[in-house]
Amino acid sequence: QVQLVESGGGLVQAGGSLRLSCAASGGIYSSGYMGWFRQAPGKEREFVAAISRWSGGTAYADSVKGRATISRDNAKNTVYLQMNSLKPEDTAVYYCAASVSCGSYLQNCPYTYWGQGTQVTVSS
């Protein structure tokens with residue numbers, strides 16, 4: 001069983017930055033692939049970014065490409081999402097997710113484990 005605990009959300013002005021963290025417990029093999037998703041009010045959950053523990057490969061949604069950087073500290077089994085140049089449309093609850101396996105596309109891993117979410121609010 002994997003537990004994911006997010007932190008780092010908050011209120012920030014447009015143009016600002018935030019770094020979200022997701023600490024995973026329960027075994028490195030269960031969290032080999034980790035991703036960030038977000039859900040804004042009234043919208044479906046969407047993929048933001050993902051990273052592989054094994055290859056270091058990353059993937060980003062077009063909406064955040066160039067403004068977001070996903071990274072991980074394997075020793076701490078923690079994943080980070082650095083978001084810069086934040087926009088009001090980035091306002092959402094951000095969820096961390098983990099998967100044991102993955103195919104060719106990190107955004108489509110069968111994410112089994114999910115965190116409780118952390119709110120990010122960007123004011124204009």
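Bear in mind that the values here come from a model prediction, so they are computed numbers and not experimental data.

About the cut-offs
Residues numbered from 1 in each chain as written. Predicted model: local features only at pLDDT ≥ 70, side-chain atom pairs only at ≥ 80, totals over all residues. Heavy atoms only, no water. Core = buried A, V, L, I, M, F, W, Y, C linked by side-chain atoms within 4.5 Å. Buried < 20%, exposed > 50% of the residue type's maximum accessible area, 1.4 Å probe, protein only. Helix = DSSP H or I, 4+ residues; strand = E, 2+ residues; numbered from the N terminus. Pairing = 2+ DSSP bridges.

Asker: Looking at this structure, I do not really get the nonpolar core. What am I missing?
Answerer: In summary, soluble globular proteins display a tendency toward joint burial of nonpolar side chains. Core analysis: the biggest nonpolar cluster contains 38 residues, and Leu4, Met34, Trp36, Leu81 and Tyr94 have the highest contact counts within it. Mapped by element, the contributors of at least two residues to this core are β3 (18–25), β4 (33–39), β5 (46–52), β7 (68–73), β8 (78–83), β9 (92–99) and β11 (118–123).

Asker: Whenever I open this one, the environment of Val122 confuses me. Can you help?
Answerer: With respect to the secondary-structure elements, Val122 resides in strand β11. According to the relative accessible area criterion, Val122 is buried, its value standing at 6%.

Asker: Help me understand the pairing of strand β1 (residues 3–7), please; the structure alone is not making it clear to me.
Answerer: Here is the key point about a regular strand: its side chains alternate between the two faces of the sheet. Only one face of β1 is buried, namely the one carrying Leu4 and Glu6, since none of Gln3, Val5 and Ser7 on the opposite face is buried. When β1 meets β3, the two strands line up antiparallel, connected through five bridges. Following the sheet pairing, Val5 is matched in β3 by Ala23.

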